[in-house]
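Fold and geometry: a report
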Amino acid sequence: MSSYSKIFALSATLISPFAQATTVIPAPPVLENKAFVLMDYDSGKILAESNAHGHLAPASLTKMMTSFLVEQRLLKGQLKEDDQVLMSQNAWCRGTSKESCMYVPLNSYASVLDMLRGIIIQSGNDASKAVAEHLAGSETAFAELMNGEAKRLGMKDTQFKNATGLSEEGHYTSANDMALLAHAIIKDSSKYYPIYSEKEFTYNNIKQGNRNALLFTDPTVDGLKTGHTDEAGYCLTASSKRGSMRLISVVMGTPSMQARADQTRALFNWGFSNFETAQIRPKGQELAKPVVWFGQAENVSVGLASDMNVTLARGEKDKLQISLQVPSSLDAPIKQGQEVGKIIATLDGKTVGEQALVALQPVEQAGFFTRVWHGIKRFFVNLF
């Protein structure tokens, strides 16, 4: 086999000679709800699920997408925290007990940041409608933005019709999609994620508490959002971080506020007790350095574009085997981020994780005479 077609198989074996058999994980808790999902944040692995892709009414879990769109526009400079948002006649809450409100007075203004807190902490339908109109002109047009973002995030079981989650025909999501959205909020809106753990917010001299009861009873829980309508039942998307491991839980259609808190707590306890997250390799670390033909550099550094993590049963981390599959040589030009191989994690002979390896920097093509010389060199290398 020529050096050009050889494959590196770098194996970093961590198996102990006294390694135990694969750990048996106890079954997840049996829960009375319409659907649930438990996800490992770092690896994205679903640890437990029931009816995860079923189309269900999301109630105010909808507002996670509303707040996410506001956060992303703030981070991109398309909005400013002190921009003023009008509380229109259409968005204004009339003080009924049938919906959650921020209670911004009619035809007055509130800042984008206050509106964001009103959406997340107070679950304000008025704030949600107001920012929808501010960003898109109407709530219907804003729903189109919501659906576009859902598609970008890979939320395949979701269709939004409004910014609040009030029951409407054709307005639905799934437990799996809510976990994906929670993951995006934690990862991509990290500057504003602490708002999701704030226990109360006062606006217009009205103090309201966060409806996520776990924020008051479990210091490891730091978000995200509750929801309730008669159609949806009691819902909760939550995240908890214990040590270096973060889990995301979604429960939909539970029978009470207490049940949604208890079920979420049960999922977290089961997940943290039985699993751990192992970082295989961090992003940006040089893992291989293959030869480059016809390039302005002799080699190129190869690594990961993002951290590689896998979820394992507790106690199995030391049994992992890691291998790299990268060609021994590559031809220029090579673009930064170009896929050139893969890294594979196996446990007891089974693949538990796989991720593309990429060029960590570009290599431009060399000049004509250098390319001719490389062609001659490679001919003789392959010949022998």
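Scroll up for the structure.
This write-up is about the structure you can find in this document. (Residues numbered from 1 in each chain as written. Predicted model: local features only at pLDDT ≥ 70, side-chain atom pairs only at ≥ 80, totals over all residues. Heavy atoms only, no water.)

A word on a nonpolar patch on the surface
Which entries qualify depends on this criterion: Think of a patch as exposed residues, more than 30% relative accessible area, with no salt bridge, where like charges cluster within 9 Å and nonpolar side chains (Val, Leu, Ile, Met, Phe, Trp, Tyr) cluster within 5 Å. Residue burial considers only the protein chains on display, and all accessible areas are found by Shrake-Rupley using a 1.4 Å probe. Whenever a carboxyl oxygen of Asp or Glu lies within 4 Å of a side-chain nitrogen of Lys or Arg, that contact is scored as a salt bridge. Helix numbers and strand numbers start at the N terminus; a helix is a DSSP run of H or I with at least 4 residues, a strand a run of E with at least 2. Buried means the residue's accessible area, taken with a 1.4 Å probe over protein chains only, is under 20% of the maximum for its type, while exposed means over 50%, and partly exposed covers the values in between.
A cluster of nonpolar side chains, Phe368, Phe369, Val372, Trp373, Ile376, Phe379, Phe380, Leu383 and Phe384, forms an exposed patch at the surface whose accessible area comes to about 1,100 Å². By secondary structure assignment, the location of Phe384 is in the segment after helix 8 (368-383). Given the relative accessible area of 80%, Phe384 is considered exposed.

Some details on the packing of aromatic side chains
Operational definition: Any Phe, Tyr or Trp ring, taking Trp's six-membered ring, that has another such ring centre within 6.5 Å forms a pair; planes under 30 degrees apart are called stacked, those over 60 apart edge-to-face, and the others tilted.
Counting across every chain of the model gives 6 aromatic pairs. Note on Phe268 and Phe272: the rings are 6.3 Å apart at their centroids and 45° apart in plane angle, and the pair reads as tilted. Here the residue Phe268 and the residue Phe272 both occupy positions in helix 7 (residues 257-274), the gap between them amounting to 4 residues, near one helical turn. Take Phe272: its relative accessible area is 6%, and that puts it in the buried class.

Points about the sheet that holds strand 8 (residues 221-229)
Within a beta sheet, neighbouring strands are joined by backbone hydrogen bonds and run either parallel or antiparallel to one another. Operational definition: We call two strands paired when DSSP finds no fewer than two bridges between them. In this analysis an axis means a line fitted to C-alpha atoms, helices contributing only their contacting stretch, and an angle means the value between N-to-C directions, from 0 to 180 degrees. Note on contacts: a residue pair qualifies if any of its non-hydrogen atoms lie within 4.5 Å across the two residues.
The 5 strands are arranged 3-2-10-9-8 in an open sheet whose pairing can be described as antiparallel. Each edge of the sheet is formed by a strand with only one pairing partner; in this case those strands are strand 3 (46-50) and strand 8. Direction aside, the axes of adjacent strands within the sheet are offset by 5° on average. Against the sheet, helix 7 contacts strand 2 (35-40), strand 3, strand 8, strand 9 (233-242) and strand 10 (245-254), and its axis sits at roughly 145° relative to strand 10.

Observations regarding unusual backbone geometry
In this chain, Gly223 is followed by Leu224 through a cis amide linkage whose omega measures 15°. One can find Leu224 in strand 8. Cis peptide bonds are those with omega within 30 degrees of zero, and the linkage from Ala332 to Pro333 qualifies with 5°. Inspection of the secondary structure assignment puts Pro333 in the loop between strand 16 (329-331) and strand 17 (339-347). Positioned with a positive phi, Asn205 is a non-glycine residue whose angle comes to about 65°. One can find Asn205 in the loop between strand 6 (200-203) and strand 7 (206-209). A residue is classified by how much of its surface remains accessible, and Asn205, at 79% relative accessible area, is exposed.

So, the pattern of salt bridges
On inspection of all chains with the given rule, the structure shows 11 salt bridges. Residue Arg152 is joined to Glu149 by a salt bridge in which the shortest nitrogen-to-oxygen separation is 2.6 Å. Here Arg152 and its partner Glu149 are both found in helix 4 (residues 139-152), 3 residues apart, which amounts to about one turn of the helix. Using a relative accessible area of 54% as the deciding quantity, one classes Arg152 as exposed. Between Glu354 and Lys342 there is a salt bridge, and its shortest N-O distance comes to 3.6 Å. Taken together, the residues span a long stretch of sequence, with Glu354 in strand 18 (residues 350-359) and Lys342 in strand 17 at a distance of 12 residues. It is possible to trace a salt-bridge network through shared partners that takes in Glu316, Lys319 and Asp348.

Describing the side chain of Asp157
The cut-off we apply is this: Just so you know, the count uses Lys and Arg for positive and Asp and Glu for negative, and it drops His and the chain ends. In the analysis that follows, any N or O atom pair within 3.5 Å is treated as a polar contact, provided that within protein one partner can donate a hydrogen and the other can accept it, and provided that, for residues neighboring in sequence, both atoms belong to side chains.
Note that Asp157 resides in the loop between helix 4 and helix 5 (175-188). Put simply, Asp157 is tucked away with no salt bridge, and the nearest opposite charge, on Lys156, sits 8.5 Å away. Of note is the side chain of Asp157, whose polar atom sits 2.7 Å from the side chain of His53. When neighbours within four sequence positions are excluded, Asp157 is seen to be in contact with His53, His55, Tyr172, Thr173, Ser174 and Asp177.

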